[in-house]
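Remarks on the overall topology
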Amino acid sequence: MRQLGDVIPLPVSVRPDATADFRVTAGVSVSAAPAAAAVADELAGLLRRVTGFPVPRDEDGAIRLRLDETVDEAKSPESYRLDIAADGVTLSAPAAQGLFAGLQTLRQLLPETAVQVEVVLPGGRIEDEPRFAYRGTMLDLARHFYGPADIRSYIDTIAQFKINHLHLHLTDDQGWRLEIEGWPRLTEVSGGEGTGIDGQGPGFLTAREYADLVAYGETRFVTIVPEIDLPGHVNAAQVAYPELTCDGEPVQPRTDAEVGYSSLCADKEETYAFVEDVIRVVAGLTSGPFLHIGGDEALSTTAEDYRTFMTRVLPLAGKYGKRAIGWHEMAAVELPPSAVPQYWRIEPADDGVARAAESGHQVIMSPADRSYLDMKYDESSPLGLDWAGLLGVERSYEWDPADRLPGVGEESLLGVEAPLWSETLRSLADVEYMAFPRLAAIAEIGWTPRADRSWPSFRSRLAEFGPRFAAQGVNFHRSPEIDWK
Ligand code: TNX
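Residues numbered from 1 in each chain as written. Predicted model: local features only at pLDDT ≥ 70, side-chain atom pairs only at ≥ 80, totals over all residues. Heavy atoms only, no water.

**Quick word on the state of the cysteines**
Considering all chains together, one arrives at one disulfide under this definition. One disulfide in the model links Cys246 with Cys265; its S-S distance is 2.0 Å. Measuring handedness by torsion sign, the sulfur bridge of Cys246 and Cys265 sits at about 115° and is right-handed. Here Cys246, found in the loop between helix 6 (235-240) and helix 7 (269-285), pairs with Cys265, found in the loop between helix 6 and helix 7; they are 19 residues apart in sequence, far enough to count as distant. (Disulfide = S-S within 2.5 Å. Helix = DSSP H or I, 4+ residues; strand = E, 2+ residues; numbered from the N terminus.)

Take a look at the structure:
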């Protein structure tokens, strides 16, 4: 049997009661209010898989899911309480998100594999809620494309760590990966054969496939955050539509990993017609509140053009009902109040992020030296880059987003995100190898109170994920920093 607190991310409050273990026997059933039906079905399915028992849904099961809408309004909708007693298990939360979070906790208290016998849940009470509302990861579909089945599988794997946002980097110099109504050449030309790094990452999501992924994410309480990278990183768009270059001359497709050479033209009206169309279409396909407009490494855009462009484009997110996120470079301009800079720098610099925080903006922390999942683990890593340094598991755990940047403390943080750029990653197996186990570290940083975190504890809880990842078919890195079970 597992220990009650043997969970990633570590819950806020864990009170074990050794006299209150619950035995999951052949007659067990699950009951829930109608609004909690989806999570209850999932829990019943999970118990069925593990034990082989029928585990029906009924009215008075020993395992109960409750929605307590009356509880404290200030509580996060992701908060939950899990009571395990000898005569039953009660999971309660103010909203379905919280029940889903509690389900992830319960899942880790059960064996991952089909043991086909009675199992015991450790007795006691867990009370839990997230430190930050935004706990994300980013997948770069532009340098190499991964299809809908891979993305769905990835959503499943990240959701077990209570990661609740998946940022999709949909466009870059090497490819354009989302069909945009009215601009068919974007994907016909720049999503097709020969695109991606070395021409090895072709493919794109149809509008329908993307919308289906958004809907799938909703069932796992993972919000999709689409990124259209502007005004740099646009070579693929310009290959498809030469009128988007400053001189209107065609440009060649690029499949190398250079950055910073392409830019939309700040003083051409065609630019804004294109950008507004794209933002309108993407916003229309996206149920979540965010739209990421990139803004990074616009090294071939003058500072003045960058300002002109961003000042005109940032309000378009709001016009189509979304809150803009952008890489921190965008903080060089006056931001609409709801805009969120995403900070990726290694060393603090006077780049406007602290000023934005001071004037009330929320910030997402993604420092490259701690959260970039595309960095190599160590010298022997077969995949990944190393420009931000090597990033072992301990190093990805032992830092805190609230002290990365003077002026951007706990109160200014919307949350934390671990980006995964895909220059060297050709398959979902490659993606998983880089993300796991480090994404588990970032997930705990985003959820667990800072004072409760410790590397020795995390390291031993992570060891349990050896067999768990294996059973899930996840291609994780068996880092020598962990004594894997
Ligand atoms: C920097 S950091 C980029 C990406 C690259 C990545 C590789 C940032 C916002 N942009 O264009 O893919 O480095 O690690």
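Now that the structure has been shown, we can carry on.
**Let's talk about the sheet that holds strand 3 (residues 30-32)**
Across the sheet, which stays open at both edges, the six strands sit in the order 1-8-5-6-4-3 with mixed pairing between neighbours. The two strands at the open ends of the sheet, each matched to only one other strand, are strand 1 (13-16) and strand 3. If you compare each strand with its neighbour and ignore which way they point, the axes differ by 10° on average. Sheet analysis places strand 4 (residues 63-67) next to strand 6 (residues 88-93), joined by five bridges and oriented parallel. Following the sheet pairing, Arg64 is matched in strand 6 by Thr90. Contacts from helix 1 (residues 37-51) reach strand 3 and strand 4 within the one sheet, and its direction differs from that of strand 4 by about 160°. Its contacts with the sheet put helix 2 (residues 96-109) on strand 4, strand 5 (80-85), strand 6 and strand 8 (124-128), and the angle it makes with strand 5 is roughly 40°. (Pairing = 2+ DSSP bridges. Axes fitted to C-alpha atoms, helices over the stretch in contact; angles between N-to-C directions. Contact = heavy atoms within 4.5 Å.)

**A closer look at unusual backbone geometry**
Pro231 follows Leu230 through a cis peptide bond whose omega is -10°. Within the secondary structure, Pro231 is located in the loop between strand 13 (223-230) and helix 6. The omega torsion of the bond from Phe436 to Pro437 falls at 20°, within 30 degrees of zero and hence cis. Turning to its location among the elements, Pro437 is positioned in the loop between helix 12 (428-435) and helix 13 (438-447). Phi is positive for Asp198, which is not a glycine, with a value near 55°. Summarising the element assignment, Asp198 is placed in the loop between helix 4 (185-190) and helix 5 (207-219). Even without being a glycine, Glu297 presents a positive backbone phi close to 45°.

**Observations concerning the nonpolar core**
Across soluble globular proteins, you tend to see nonpolar side chains buried next to one another. One finds Tyr154, Leu166 and Phe436 to be the most contacted residues of the largest nonpolar core, which totals 139 residues. By residue number, the principal contributor to this core is helix 7, which donates eight residues. Split by domain, the residues of this core number at least three in each of domain 1 (13-128) and domain 2 (134-472). Here Leu166 is in contact with Thr137, Leu139, Ile151, Tyr154, Ile155, Ile158, Val222, Thr223, Ile224 and Val225, once residues within four sequence places are set aside. In terms of nonpolar packing, the next biggest core, distinct from the first, is built from nine residues, Trp344, Ala368, Tyr372 and Leu391 among them. (Core = buried A, V, L, I, M, F, W, Y, C linked by side-chain atoms within 4.5 Å. Buried < 20%, exposed > 50% of the residue type's maximum accessible area, 1.4 Å probe, protein only. Domains from an automatic or database assignment.)

**Section: the packing of aromatic side chains**
The description of two aromatic rings rests on the distance between their centres and on the angle between their planes. Applying the stated criterion to the full structure yields 22 aromatic pairs. With centroids separated by 5.1 Å and ring planes inclined at 35°, the aromatic side chains of Phe469 and Phe476 adopt a geometry described as tilted. Residues Phe469 and Phe476 agree in their burial class; the two are buried. The rings of Tyr154, Phe161, Phe436, Phe465, Phe469, Phe476 and Trp484 are connected pair by pair, giving a single aromatic cluster. Residue placement shows Arg254 over the ring face of Tyr261; its charged tip is 3.8 Å from the ring centre. Sitting over the ring of Tyr397, Arg453 keeps its end group 4.9 Å from the ring centre. (Phe/Tyr/Trp six-rings, centres within 6.5 Å; stacked < 30°, edge-to-face > 60°. Lys NZ or Arg CZ within 6 Å of the ring centre and 35° of its normal.)

**As for the UniProt feature "domain: Glycoside hydrolase family 20 catalytic" (unreviewed entry) in the protein chain**
According to UniProt, the feature "domain: Glycoside hydrolase family 20 catalytic" (unreviewed entry) maps to residues 132-449 in the numbering used here. Across residues 132-449 one finds 33% helix and 15% strand; the C-alpha atoms that close the span lie 9 Å apart. (UniProt positions renumbered as here; feature names shortened; annotations may be inferred.)

**Re the site of the ligand**
Around the ligand lies a shell of 14 residues, among which Arg143, Tyr372, Asp374, Trp387 and Glu423 are the nearest. With respect to the ligand, the side chain of Arg143 contributes an N or O atom lying 2.8 Å from an oxygen atom. Asp296 places a side-chain nitrogen or oxygen 3.0 Å from a nitrogen atom of the ligand. Computed on the free molecule, the ligand has an accessible area of 370 Å², of which 97% lies beneath the protein chains in the complex. Residue composition of the shell around the ligand, grouped by class: eight nonpolar, one polar and five charged. (Near = heavy atom within 4 Å. Polar contact = N/O pair within 3.5 Å; in protein donor to acceptor, adjacent residues only side chain to side chain. Areas by Shrake-Rupley, 256 points an atom, 1.4 Å probe, with all protein chains shown as cover. Nonpolar A, V, L, I, M, F, W, Y, C, P; charged D, E, K, R; others polar.)

**Re the side chain of Asn164**
Counting through the fold element by element, Asn164 comes out in the loop between helix 3 (148-159) and strand 10 (165-169). A polar side-chain atom of Asn164 sits 2.8 Å from a polar atom in the side chain of His165. Setting aside anything within four residues of it in sequence, one finds Asn164 in contact with Glu78, Ala133, Tyr134, Arg135, Phe221, Val222 and Thr223.

**Notes on the sheet that holds strand 16 (residues 340-343)**
Pairing within the closed barrel is parallel, and its eight strands lie in the order 9-10-13-14-15-16-17-18. The average undirected angle you get between the axes of adjacent strands in this sheet is 30°. Pairing geometry for strand 17 (residues 363-365) and strand 18 (residues 413-420), over three bridges, is parallel. Bridge assignment links Val363 to a residue of strand 18, and that residue is Leu413.

**Considering the packing of helix 3 against helix 5**
Two quantities define a packed helix pair, namely the angle between the helix axes and the distance between the axes. With their axes 11 Å apart at the nearest point, helix 3 and helix 5 run at an angle of 15° to one another. Put simply, helix 3 runs roughly parallel to helix 5. Handedness of the crossing formed by helix 3 with helix 5: right-handed. Contacts between helix 3 and helix 5 involve Pro148, Ile151, Arg152, Ile155 and Asp156 from the former and Glu209, Leu213, Tyr216 and Gly217 from the latter. Partitioned by chemical class, the residues of the contact of helix 3 with helix 5 number five nonpolar, one polar and three charged. (Parallel < 35°, antiparallel > 145°, perpendicular 65-115°, else oblique. Left-handed = near helix turned anticlockwise from the far one by under 90°.)

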